Amino acid sequence: MSNTVRLFGMKLDAVRMPEAIGQLVHWVHNPDGRCRYVVTPNVDHAVMFQEHIGLQRAYIDASLVLADGFPVLAAARLLGRKIPERVPGSDLVPALFEMANAKSTSFPLRVFLLGAAPGVADRAAENIRQRWPAVSVVGTYSPPLGFEKNQRENAAILERIAAVRPDVLVVGLGAPKQELWVHTHRQQIAAPVALCVGATIDFLAGEKPRAPIW
């Protein structure tokens, strides 16, 4: 879909927000039986990536690797790598919802919110319903601490997702847990797209303020 650049050992997709959204829409409309997942590295992720083998593997298999933080973008430009703009997960999700809402008759969107503290995803779901009526939140779940090590809990989460078959799984478990979990279970996730987007569910719920644009 895009040009890629190498930075900090990672392969990043050099795309703008509209291109990223277009690719997500294409995957939703043309499912092929697998879950394509997106990661959005910032500078903290880049530091972890250097020595975390599991995170490196997760990034290799990701379908889109989008530069999130300004330091990543600045480093790319300083080193002569052409990344046109940052595409943070906290902007990617609302932009996708805006696309669905603008084209509601042809692009209804079913979403599952996985992550955040108990009750937060439910508040996010209510805000989504009010702001983007074309987006249906078909499920929410806040996993217990240490869930990723519990085979029964992981199976139950995958069953919850499979029961409603969302178009997009929004995963807000924090890095590297979200990337590792999605990578480990990518063949069992019953959604064509998964977005590993950190605190985005908290932002949608109004639990955390966004950083200022500057």
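That block above? That's the structure.
So, a few notes on the structure that sits alongside this text.

What counts and what doesn't
- Residues numbered from 1 in each chain as written.
- Predicted model: local features only at pLDDT ≥ 70, side-chain atom pairs only at ≥ 80, totals over all residues.
- Heavy atoms only, no water.
- Helix = DSSP H or I, 4+ residues; strand = E, 2+ residues; numbered from the N terminus.
- Expected span 1.5 Å × (residues − 1).
- Buried < 20%, exposed > 50% of the residue type's maximum accessible area, 1.4 Å probe, protein only.
- Contact = heavy atoms within 4.5 Å.
- Arc of directions from axis to C-beta.
- Polar contact = N/O pair within 3.5 Å; in protein donor to acceptor, adjacent residues only side chain to side chain.
- Salt bridge = Lys/Arg side-chain N within 4 Å of Asp/Glu carboxyl O.
- Phe/Tyr/Trp six-rings, centres within 6.5 Å; stacked < 30°, edge-to-face > 60°.
- Core = buried A, V, L, I, M, F, W, Y, C linked by side-chain atoms within 4.5 Å.

**Examining helix H1 (residues 17-29)**
Under the 1.5 Å per step criterion, the end-to-end length of H1 is 18 Å for 13 residues, consistent within 8% with the ideal 18 Å. Met-17, Ala-20, Ile-21, Gln-23, Leu-24, Val-25, Trp-27 and Val-28 are the residues of H1 that are buried. Where H1 is buried, its residues touch strand E3 (36-39), strand E4 (64-65), helix H5 (89-102), strand E5 (109-115), strand E7 (168-172) and strand E8 (193-196).

**Thoughts on helix H7 (residues 151-164)**
Here H7 contains 14 residues, and its C-alpha end-to-end distance of 21 Å stays within 8% of the 20 Å for a straight helix at 1.5 Å per residue. Residues of H7 that are buried include every one of Glu-153, Asn-154, Ile-157, Leu-158 and Ile-161, and no others. All buried residues of H7 lie within an arc of 135° about the axis, which places them on one face of the element. Of the exposed residues in H7, those oriented more than 90 degrees away from the buried face are Gln-151, Arg-152, Glu-159 and Ala-163. Turning to H7, the residues buried within the fold contact E5, strand E6 (135-141), E7 and helix H8 (177-185). Among the residues of H7, the N-terminal cap falls to Asn-150, whose side-chain oxygen and the backbone nitrogen of Arg-152 are separated by 3.0 Å. One or two positions beyond H7, positive phi appears at Arg-165, with a value near 45°.

**Remarks on the side chain of Asn-154**
Within the secondary structure layout, Asn-154 lies in helix H7. A polar side-chain atom of Asn-154 sits 3.1 Å from the main-chain carbonyl oxygen of Glu-148. Beyond its immediate sequence surroundings of up to four residues, Asn-154 is in contact with Phe-147, Glu-148, Lys-149, Trp-181 and His-185.

**A short note on the pattern of salt bridges**
Under the defined criterion, the tally for this structure stands at 9 salt bridges. Between Arg-129 and Glu-126 there is a salt bridge; the shortest N-O distance is 3.7 Å. Highlighted residues: Arg-129 and Glu-126, both in helix H6 (residues 120-131), separated by 3 residues, approximately one helical turn.

**A few points about the environment of Gly-54**
Looking at where Gly-54 falls in the secondary structure, it is placed in helix H3 (residues 53-61). Through-space distance from the C-alpha of Gly-54 to that of Ile-189 is 19 Å; in sequence the pair is 135 residues apart.

**A closer look at the packing of aromatic side chains**
According to the stated counting rule, one finds 3 aromatic pairs in the structure shown. A ring pair is formed by Phe-97 and Trp-132, whose centres lie 5.2 Å apart and whose planes are at 65°; its orientation type is edge-to-face. Here Trp-132 lies in the loop between H6 and E6 and Phe-97 lies in helix H5, a separation of 35 residues in the sequence. In terms of burial, Phe-97 and Trp-132 fall into one category: buried. Between Phe-147 and Trp-181 the ring centres are 6.4 Å apart and the planes differ by 55°, which places this aromatic pair in the tilted class. Note that Phe-147 is positioned in the loop between E6 and H7 and Trp-181 in helix H8, a separation of 34 residues in sequence. Residue Phe-147 is classed as buried on the basis of its relative accessible area of 3%. Judged by relative accessible area, which is 3%, Trp-181 ranks as buried.

**Examining the nonpolar core**
By size, the foremost hydrophobic cluster in this structure holds 38 residues, and its most contacted members are Leu-24, Leu-92, Leu-109, Leu-113 and Leu-195. Within the residue set of this core, elements represented by two or more residues are H1, H5, E5, H6, E6, E7, E8 and helix H9 (200-205). No other element matches the 7 residues that H1 contributes to this core. Among residues more than four places away in sequence, those in contact with Leu-195 are Leu-24, Val-38, Leu-92, Val-93, Leu-96, Val-168, Leu-169, Val-170 and Val-171. With 36 residues, the next largest nonpolar core counts Met-10, Ala-58, Ala-76 and Phe-147 among its residues.

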